[in-house]
Amino acid sequence: MLSEEYKDELNKSIPEEIIPKRITDTTLSDQNIDTIHYWLYSPGENASKWEEFYQTGIMAIGWKEIGNLEQFSSKEEMKQKMKECYGKEYSYKNAVHATWQFANEMKIGDIVFAKKGQYTVIGRGVVISDYIYDTQRKEFQNIRKVAWINSGQWQHPGRAVMKTLTDITVYTNYLAKLNTLFEEELLEDIKEKEVEYPNYTKEDFLKEVFLEEEDYDTLVALVKNKKNLILQGPPGVGKTFIAKRLAYSIMGKKEKERVRMVQFHQSYSYEDFIMGFRPSENGFELKKGPFYEFCKRAQIDDENEYFFIIDEINRGNLSKIFGELFLLIENDKRGVELQLLYSDERFCVPENVYLIGMMNTADRSLAMLDYALRRRFAFFELNPAFLSTGFQSYQNKIQNPKFDRLILEVKRLNKVIETDEMLGRGFRIGHSYFYTLILVDDAWLKSVVNFELVPLLEEYWFDEPEKSREWTSILRRAIQ
């Protein structure tokens, strides 16, 4: 059993953004800074509090009787308190969900659309604080500070939901219609209301990522000189985590608006990425894709670096996806304008846009990359970091002999995989399978081995079941 003192030390040493979702989740997640979320919000019944909230620069929700929302460790606790305060005859399902999101899931930098009733949008702003429980207020004591950018009346596209707070991020078509209401002023207004993002330095990167300083310096040089970089490596080496942290360290801060991430797949096209005609209520309309919009945003802020991150970059047909812009992503073609396929417009990829792609080298379904892609990108191989200073420090703090034996066997296993003629270096097992905030006990170790490593080995050696069974036995014995 770990001491409380050790648990505190371990928690301080692990990046706060790495939050496991479940006991088998050992990936390096990044939920706090990954994505800007968009919210539809009602400032009081029928927007009765809008003028006050707009003038004071806040958004607030009620439920005063249940007290400080930070006291609840789960939605269930919050629900029971609501039943106690307001009556047990109601389920409070929607109320609990919205209140929990307001206190725990909304983040600095998120965009809020204020509404009145179901048919009118009355404002838009940027969240600039964490949750605050303000006992000085007589009502609506649960608040967040918001830089309200717009106030007025716009016709809501269709009929809005009745709930006080709704996360609308995933409803892309609906969100696009809301953004269109403010399209001309969107970028400039948000920039006018400065949001303070946390600083992020080279030292922060080296604390969070299992790479040595020399490798970090190489990565930065490749990005700045080539402008296009691909991080390649086997499963579980933290490619996505490293890509984001690399971008933040070069920018000097965790500014979400200057980082965008998409994932390529076999059906991804130019129309998805740049622009193309899409069905609409009145036939077809020209829709702008994420790369087009990102480049436009970067173009008006040319003193700052912008990073476009592409996961699974080798799953897409790059020539098809980039179209005429495939030429323009070259480092010496930045700023050169070409005519776009679907628009009477000349377009360029700005100097301050950097591309970082991720490529899983253990994907059997992918063909070799063509030379056109290789010529435009620098490639950096990420390896399992079991021997890195950072991972060894993490392992020493865990102080679990079974964990140590498992890591030793996985290092042996990686040598076998590397020399296997049908596999090779790209199929080795990465270190992030073993990096977690959860207490490393017998249950956690069994979960990792049985539900993550064993299925992987069965896939690797599907035509050599004896070898798969042998290594399954070895890994299971290591944690007995």
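The structure presented is a predicted model; accordingly, all values stated were derived computationally and were not measured.

Student: What exactly am I supposed to notice about the sheet that holds strand E16 (residues 378-381) here?
Tutor: Strands belonging to one sheet form pairs held by backbone hydrogen bonds; the direction of such a pair is parallel or antiparallel. Across the sheet, five strands lie side by side as E9-E12-E15-E8-E16; this open sheet has parallel pairing. Each edge of the open sheet carries a strand with a single partner, namely strand E9 (259-263) and E16. Averaged over all adjacent pairs, the angle separating strand axes in this sheet is 20 degrees, with direction ignored. Where strand E8 (residues 228-233) lies against strand E15 (residues 353-360), six bridges are found, and the strand directions are parallel. Bridge pairing in E15 links Asn228 to Leu355. The sheet contacts of helix H8 (residues 213-226) involve E8, strand E12 (306-311), E15 and E16, and relative to E16 the element is tilted by about 165 degrees.

Student: Sorry if this is basic, but what is going on with the environment of Gln80 here?
Tutor: Tracing the backbone through its elements, the reader meets Gln80 in helix H3 (residues 75-86). Measuring from C-alpha to C-alpha, the distance between Gln80 and Tyr92 comes to 9.2 Å, with twelve residues separating the pair along the chain.

Student: Please clarify how the state of the cysteines should be interpreted in this entry.
Tutor: Structurally, a disulfide amounts to a covalent bond that connects the sulfur atoms of two cysteines. All told, the structure shown has zero disulfides when counted by the stated rule. Left without a disulfide partner, Cys295 is nearest to the cysteine sulfur of Cys348, which lies 7.7 Å away.

Student: Would you mind going over the pattern of salt bridges with me for this structure?
Tutor: When their charged atoms lie close together, side chains carrying opposite charge are able to pair. Per the stated rule, a full pass over the model turns up 26 salt bridges. Of the charged contacts, one joins Glu337 and Arg346 as a salt bridge, the two residues approaching to 3.8 Å between their closest N and O atoms. According to the relative accessible area criterion, Glu337 is partly exposed, its value standing at 39%. Here Arg425 and Glu381 are joined by a salt bridge, their closest N and O atoms 3.4 Å apart. Here Arg425, found in the loop between helix H15 (401-419) and helix H16 (442-460), pairs with Glu381, found in strand E16; they are 44 residues apart in sequence, far enough to count as distant. When its relative accessible area of 35% is taken as the criterion, Arg425 is described as partly exposed. You can call Glu381 partly exposed: its relative accessible area is 35%. The structure contains a network of salt bridges with shared partners spanning Glu330, Asp332, Lys333, Arg375 and Arg376.

Student: How should I be thinking about unusual backbone geometry in this particular structure?
Tutor: For residues that are not glycine, phi is negative in most cases, and the peptide bond is trans in most cases. Even without a glycine there, the phi angle at Phe140 is positive, about 50 degrees. Accessibility expressed as a relative area gives 18% for Phe140, which makes it buried. One non-glycine residue, Glu312, adopts positive backbone phi at about 55 degrees. Of note, Glu312 is situated in the loop between E12 and helix H12 (318-322).

Student: Would you explain helix H14 (residues 389-398) in this entry?
Tutor: Turn by turn, an α-helix covers 3.6 residues, leaving residues three or four places apart pointing in a common direction. Listed as buried for H14 are Phe391, Tyr394, Gln395 and Ile398. Buried residues of H14 fall within an arc of 100 degrees about the axis and therefore sit on the same side. In H14, those exposed residues whose orientation departs by more than 90 degrees from the buried face are Thr389 and Asn396. One or two positions beyond H14, positive phi appears at Gln399, with a value near 55 degrees.

Student: What is the right way to look at a nonpolar patch on the surface in this model?
Tutor: On the surface, a nonpolar cluster with roughly 320 Å² of combined accessible area is contributed by Phe277, Phe284 and Leu286. Relative to the helices and strands, Phe277 is located in strand E10 (residues 275-280).

Student: Before we go on, may I ask you to explain the packing of H16 against helix H17 (residues 465-478) in this structure?
Tutor: Packed helix pairs are characterised by how far apart their axes lie and by the angle those axes make with each other. Remark: H16 packs on H17, axes separated minimally by 9 Å, with the N-to-C direction vectors making an angle of 155 degrees. Put simply, H16 runs roughly antiparallel to H17. Handedness of the H16/H17 crossing: right-handed. Where H16 approaches H17, its residues Val449, Asn450, Leu453, Val454, Leu457 and Glu458 are matched on the opposing element by Ser468, Trp471, Thr472, Leu475 and Arg476.

Student: Teacher, can you tell me more about the packing of aromatic side chains here?
Tutor: Within a pair of aromatic rings, the relevant descriptors are the distance that separates the centres and the angle that separates the planes. Overall, the coordinates contain 34 aromatic pairs when judged by the stated rule. Members of the aromatic cluster, each reached through a chain of ring pairs, are Phe210, Phe386, Phe391, Tyr394, Phe403, Tyr433, Phe434, Tyr435 and Trp444. Its end group placed over the ring of Phe102, Arg144 keeps NZ or CZ at 5.8 Å from the ring centre. We note Arg376 situated over the ring of Phe326; from NZ or CZ to the ring centre the distance is 4.4 Å.

Scoring rules and cut-offs
Residues numbered from 1 in each chain as written. Predicted model: local features only at pLDDT ≥ 70, side-chain atom pairs only at ≥ 80, totals over all residues. Heavy atoms only, no water. Pairing = 2+ DSSP bridges. Helix = DSSP H or I, 4+ residues; strand = E, 2+ residues; numbered from the N terminus. Axes fitted to C-alpha atoms, helices over the stretch in contact; angles between N-to-C directions. Contact = heavy atoms within 4.5 Å. Disulfide = S-S within 2.5 Å. Salt bridge = Lys/Arg side-chain N within 4 Å of Asp/Glu carboxyl O. Buried < 20%, exposed > 50% of the residue type's maximum accessible area, 1.4 Å probe, protein only. Arc of directions from axis to C-beta. Patch = residues over 30% accessible without salt bridge, like charges linked within 9 Å, V, L, I, M, F, W, Y side chains within 5 Å. Areas by Shrake-Rupley, 256 points an atom, 1.4 Å probe, with all protein chains shown as cover. Parallel < 35°, antiparallel > 145°, perpendicular 65-115°, else oblique. Left-handed = near helix turned anticlockwise from the far one by under 90°. Phe/Tyr/Trp six-rings, centres within 6.5 Å; stacked < 30°, edge-to-face > 60°. Lys NZ or Arg CZ within 6 Å of the ring centre and 35° of its normal.

None of the figures reported here should be taken as evidence of function without further support.
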